[in-house]
Amino acid sequence: MKDTAWTIPNLLTVSRILLTPGFVIAFVDQRFDIAWILFAIAGLTDALDGLLARLLRQRTNFGAMLDPLADKVLLVTSFLCLAFQDWIPRWLAVLVVSRDVIIVGGLSLLQYSGVDVRRDIKPVWFSKCATLAQISLVLLIMVEHSLDVAYPGAQLALIVAVTVLTAVSGAYYLQLGFRMIPQNGNGH
């Protein structure tokens, strides 16, 4: 990995974080058309940053830590907005938010205990699928409400996918984290 933090992929990741307050402001102001466009742009940066990091050979330690944080900031915020509006079941928002809080807290504890989480924990395919399903669900619901259309079958399928993938990936990272807890107190 390169050491330069300010690469094109990392700038895209930072833009995802910066788009999140704009999404919230538009959402609170009930400008759902603007909110879903900002969310779609943010979701697009999620796809582009990883692709460009590989193609341009601009993978960095900074980006490896920042990208999942940007995902969590955007998705936790959007799930909370949708739940407060009663557009998604509140239990689903609790599941998504709880999983992310547990993962971030667990990674912090492992790092504090001396575990090299950047080296030892890699994203798994079903975690990436969970993120894609979460982004798709938020985008679908935002489009439905801004264009006054409904796709109940697609919404139900995405709710099921988000539930299963979020729970499975959360359980996977939880058991992985428990296995990595240092046993001898010195982080090794």
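Look a little higher up for the structure.
An account of the accompanying structure is given in this report. (Residues numbered from 1 in each chain as written. Predicted model: local features only at pLDDT ≥ 70, side-chain atom pairs only at ≥ 80, totals over all residues. Heavy atoms only, no water.)

1. Looking at the side chain of Ser 127
And then number 1: One can find Ser 127 in helix H6 (residues 125-147).
And then number 2: Setting aside chain neighbours within four positions, we find Ser 127 in contact with Arg 99, Ser 169 and Tyr 173. (Helix = DSSP H or I, 4+ residues; strand = E, 2+ residues; numbered from the N terminus. Contact = heavy atoms within 4.5 Å.)

2. Looking at the packing of aromatic side chains
And then number 1: This model, assessed by the stated rule, comprises 8 aromatic pairs.
And then number 2: With a centroid separation of 5.4 Å and 85° between ring planes, the pair formed by Trp 125 and Phe 126 is classed as edge-to-face.
And then number 3: A relative accessible area of 61% means that Trp 125 is categorised as exposed.
And then number 4: Look at Phe 126 and Tyr 172: their rings are 5.4 Å apart centre to centre, the planes differ by 90°, and that puts the pair in the edge-to-face class. Of this pair, Phe 126 sits in helix H6 while Tyr 172 sits in helix H7 (residues 152-180); the two residues are 46 residues apart in sequence, bridging distant segments of the chain.
And then number 5: Residue Phe 126 is classed as buried on the basis of its relative accessible area of 14%.
And then number 6: Members of the aromatic cluster, connected to one another through ring pairs, are Phe 23, Phe 27, Phe 32, Phe 39 and Trp 87. (Phe/Tyr/Trp six-rings, centres within 6.5 Å; stacked < 30°, edge-to-face > 60°. Buried < 20%, exposed > 50% of the residue type's maximum accessible area, 1.4 Å probe, protein only.)

3. Observations concerning the nonpolar core
Across soluble globular proteins, nonpolar side chains show a tendency to be buried alongside one another.
And then number 1: Of all hydrophobic cores here, the largest spans 41 residues; its most connected members are Phe 27, Phe 79, Leu 82, Leu 137 and Met 142.
And then number 2: Of all elements in the fold, only helix H1 (8-28), helix H2 (32-55), helix H3 (61-84), helix H4 (90-112), H6 and H7 reach the threshold of two or more residues within this core.
And then number 3: The leading source of residues in this core is H6, at 9 residues.
And then number 4: Not counting chain neighbours up to four residues away, the residues in contact with Phe 27 comprise Phe 32, Ala 35, Cys 81, Leu 82, Gln 85, Trp 87 and Met 142. (Core = buried A, V, L, I, M, F, W, Y, C linked by side-chain atoms within 4.5 Å.)

4. Things to note about the pattern of salt bridges
And then number 1: The full count for this structure, using the stated rule, is 8 salt bridges.
And then number 2: Put simply, Asp 49 and Arg 16 hold a salt bridge, and the shortest N to O gap is 3.1 Å. Of this pair, Asp 49 sits in helix H2 while Arg 16 sits in helix H1, and the two are 33 residues apart along the sequence. Arg 16 carries the same exposure label as Asp 49, and that label is buried.
And then number 3: Close ionic contact of Asp 100 with Arg 99 constitutes a salt bridge, the shortest N to O distance being 2.7 Å.
And then number 4: The network of salt bridges with shared partners includes Arg 16, Asp 46, Asp 49, Asp 67 and Asp 71. (Salt bridge = Lys/Arg side-chain N within 4 Å of Asp/Glu carboxyl O.)

Geometric descriptors of this kind do not, in isolation, establish any biological role.
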